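Notes for the structure review
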Amino acid sequence: MTDDRRLDLHTHSLASDGRLSPADLVRYAREQGLAGIGLTDHDTTDGLDEAEAAGRDLDLIVVPGVELSSTIGNREAHVLGYFIDRENEKFRAALDDFVAQRHERVDRIILKLRENGVNVDRDRVLANAGRGSIGRPAVGWTLIEMGLATDMADAFNRYLSVGKPGYVPRQKLDPEAAVEIIRAAGGAPVLAHPFSTGDPEGMAKRLKAAGLVGFETWYGEYSPERRGELLAIARANDLIPTGGSDFHAPGFKSGRELGSVPGIPWETLDRLHAAAESIRVA
């Protein structure tokens, strides 16, 4: 018997760089026919209480999560953490440090853009970040409002990606360290959008040795062929295949609409929960 309840385990809210409040995100998920979401804001768990309360009211499962941004050279290796203990002191101290680094990076991005003739207003960027942890999308929304980009993908392609006028590398955090931070908080670490690392197969092996338990296979922007390739890598390395849209807002980027990734098995949720429980008692 198949379970046709729909999941989206990779979403963002106003608590980081999404455009919907945590409660509105849950309501929107329910409108899209979803039965559960993972709220995985960047470097913060501040939206989880609100999202969980809305989930209880609307009978929608909210998986407590986070997304940590690590780097490998000029490539990114983002690590998702599911079923985390967000009150863990070491975990909270690490998040506070990441938020401070984010503000410093955005200030440097604004300065670089101004040096290249793009006069971005810092207050406007802060307003676009809302109450959440600030990042490049807040600058992207500002560039869109200024008429300098048509959408977020265009803003990144013109100004914010590697080699572009406003690109500033983030401070270095090894992906192994991100995995360790999540495990220390009793969470199940999962490699997000593995193709962004440049070597999904190599990273699966490398991070499995560091304690990775899952591999984001069904990702919003990936083609069916790429998802199939990632599923094979996950199975070969005994990693839990997971999936999600990486939703930030309606119309944020092509392929990233909430609930747009089909076929995420419900057992994924059970396996992630079991992995987190195993980590907590280890």
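Now for a look at the structure at hand. (Residues numbered from 1 in each chain as written. Predicted model: local features only at pLDDT ≥ 70, side-chain atom pairs only at ≥ 80, totals over all residues. Heavy atoms only, no water.)

**With respect to the nonpolar core**
Soluble globular proteins tend to bury their nonpolar side chains together. Heads up, the rule is: As used here, the term nonpolar core means buried Ala, Val, Leu, Ile, Met, Phe, Trp, Tyr and Cys residues forming a set that is joined through side-chain atoms within 4.5 Å. Each residue is placed in one exposure class: buried if its accessible area under a 1.4 Å probe, protein chains only, is under 20% of its type's maximum, exposed if it is over 50%, and partly exposed if it falls in between. Helix numbers and strand numbers start at the N terminus; a helix is a DSSP run of H or I with at least 4 residues, a strand a run of E with at least 2. Note on contacts: a residue pair qualifies if any of its non-hydrogen atoms lie within 4.5 Å across the two residues.
If you look at the biggest cluster of nonpolar residues, it comprises 28 residues, and the most contacted ones within it are Leu68, Phe91, Phe98, Leu191 and Phe215. Looking at this core, the elements with two or more residues in it are β3 (61-72), β4 (75-82), α3 (89-115), α7 (175-184), α8 (200-210), β6 (214-219) and α9 (224-236). Every residue in contact with Leu68, bar those within four places of it in the chain, is listed here: Asp43, Ala77, His78, Val79, Leu95, Phe98, Ala178, Ile181 and Ile182.

**With respect to the sheet that holds β4**
The test is simple: Between any two strands, pairing holds if DSSP finds at least two bridges. What counts as an axis is a line fitted to C-alpha atoms, over the stretch in contact for a helix, and the angles between N-to-C directions run from 0 to 180 degrees.
The strand order β1-β2-β3-β4-β5-β6-β7 describes an open sheet built from 7 strands, whose pairing is mixed. Two strands lie at the open edges of the sheet, namely β1 (7-11) and β7 (240-244), each paired on one side alone. Neighbour-to-neighbour, the strand axes of the sheet open up by a mean angle of 35 degrees, direction not taken into account. Summarising the sheet, β3 and β4 pair through 8 bridges and their orientation is antiparallel. Looking at the pairing, Leu68 lines up with Val79 of β4. In the packing of α9 onto the sheet, contacts are made with β6 and β7, and the angle to β6 comes to roughly 165 degrees. Lying on the sheet, helix α10 (residues 267-281) is in contact with β1, β3, β4, β5 (188-191), β6 and β7; it crosses β7 at an angle near 120 degrees.

**What to know about the environment of Ala51**
Within the secondary structure, Ala51 is located in helix α2 (residues 48-58). Under the relative-accessibility criterion, Ala51 is labelled buried at 1%. As for Ala51 and Gly38, which are separated by 13 residues in sequence, their C-alpha atoms are 9.9 Å apart. In contact with Ala51, not counting residues within four places along its chain, are Pro22, Val26, Leu39 and Val62.

**What about the pattern of salt bridges?**
For the record, the criterion: Every case where a carboxyl oxygen of Asp or Glu lies within 4 Å of a side-chain nitrogen of Lys or Arg is listed as a salt bridge.
Scanning the entire structure with this criterion turns up 13 salt bridges. The partner of Arg102 in a salt bridge is Asp43, with the nearest N and O atoms 2.6 Å apart. A residue pair is termed long-range when its members are at least 10 positions apart, and Arg102 in helix α3 and Asp43 in the loop between β2 (36-39) and α2 qualify at 59 residues. Per residue, the accessibility class of Arg102 equals that of Asp43, and both read buried. In this structure, the salt-bridge partner of Arg256 is Asp246, at a minimum N-O distance of 3.2 Å. Here the residue Arg256 occupies a position in the loop between β7 and α10, and Asp246 occupies one in the loop between β7 and α10, the gap between them amounting to 10 residues. A relative accessible area of 4% places Asp246 in the buried class.

**Considerations on the layout of surface pockets**
Put simply, the rule reads: Using only the protein atoms, space was sampled on a 1 Å grid; points where a 1.4 Å probe fits but cannot get out form cavities, open sets with protein on both sides within 12 Å along at least five of seven lines form pockets, and lining residues are those with an atom within 4 Å of a point. Grid points are joined across faces, edges and corners, and a volume is the space filled by probe spheres set on the points. Under the scheme applied here, ten amino acids are nonpolar (Ala, Val, Leu, Ile, Met, Phe, Trp, Tyr, Cys and Pro), four are charged (Asp, Glu, Lys and Arg), and all others, including Gly, are polar.
Estimates place the volume of the largest pocket at around 1,000 Å³. For the largest pocket, the lining is made up of 42 residues, of which Glu76, His78, Arg136, Phe156 and Arg170 are closest to its centre. Elements with a contribution of two residues or more to the lining of the largest pocket: β3, β4, α3, α5 (136-145) and α6 (152-160). Here the lining of the largest pocket gets 7 residues from one element, more than from any other, and that element is α3. Each residue belonging to the lining of the largest pocket can be placed in one class, and the counts come to 14 nonpolar, 12 polar and 16 charged. Of the residues contributing to the lining of the second largest pocket, the split by class is 6 nonpolar, 1 polar and 4 charged.

**Structural notes on the pairing of β3**
Burial analysis of β3 places 10 of its 12 residues in the buried class, which makes it a mostly covered element. Pairing of β2 with β3, which is carried by 4 bridges, proceeds in the parallel orientation. The partner of Ile37 across the bridge, within β3, is Val62. Where β3 folds back onto β4 in an antiparallel hairpin, the turn is made up of 2 residues, including Gly73, whose phi is positive at roughly 65 degrees.

**Structural notes on the environment of Ala275**
Topologically, Ala275 is positioned in helix α10. When its relative accessible area of 14% is taken as the criterion, Ala275 is described as buried. Put simply, Ala275 and Gly187 are 88 residues apart on the chain and 8.1 Å apart in space, counted from C-alpha to C-alpha. In this view, Ala275 contacts Ala188, Val213 and Ile240; residues no more than four positions away in its chain are not counted.

**Topic: the pairing of β1**
For the record, the criterion: Here is how to tell: hold the view so the strands point away, follow the path from the first strand over the helix to the second, and if it runs clockwise the crossover is right-handed.
In terms of burial, β1 is largely enclosed, as 5 of its 5 residues are buried. In terms of strand pairing, β1 meets β2 through 3 bridges, oriented parallel. Its bridge partner lying in β2, Asp8 is registered against Ile37. Between the parallel pair β1 and β2, the chain is carried across by helix α1 (residues 22-31), and the sense of this crossover is right-handed.

**Concerning α1**
Among the residues of α1, those classed as buried are Pro22, Ala23, Leu25, Val26, Tyr28 and Ala29. Against β1, β2, α2 and β3 lie the buried residues of α1. Positive backbone phi, approximately 85 degrees, marks Gly33, located one or two places after α1.

Shape is all these values report; function is a separate question.
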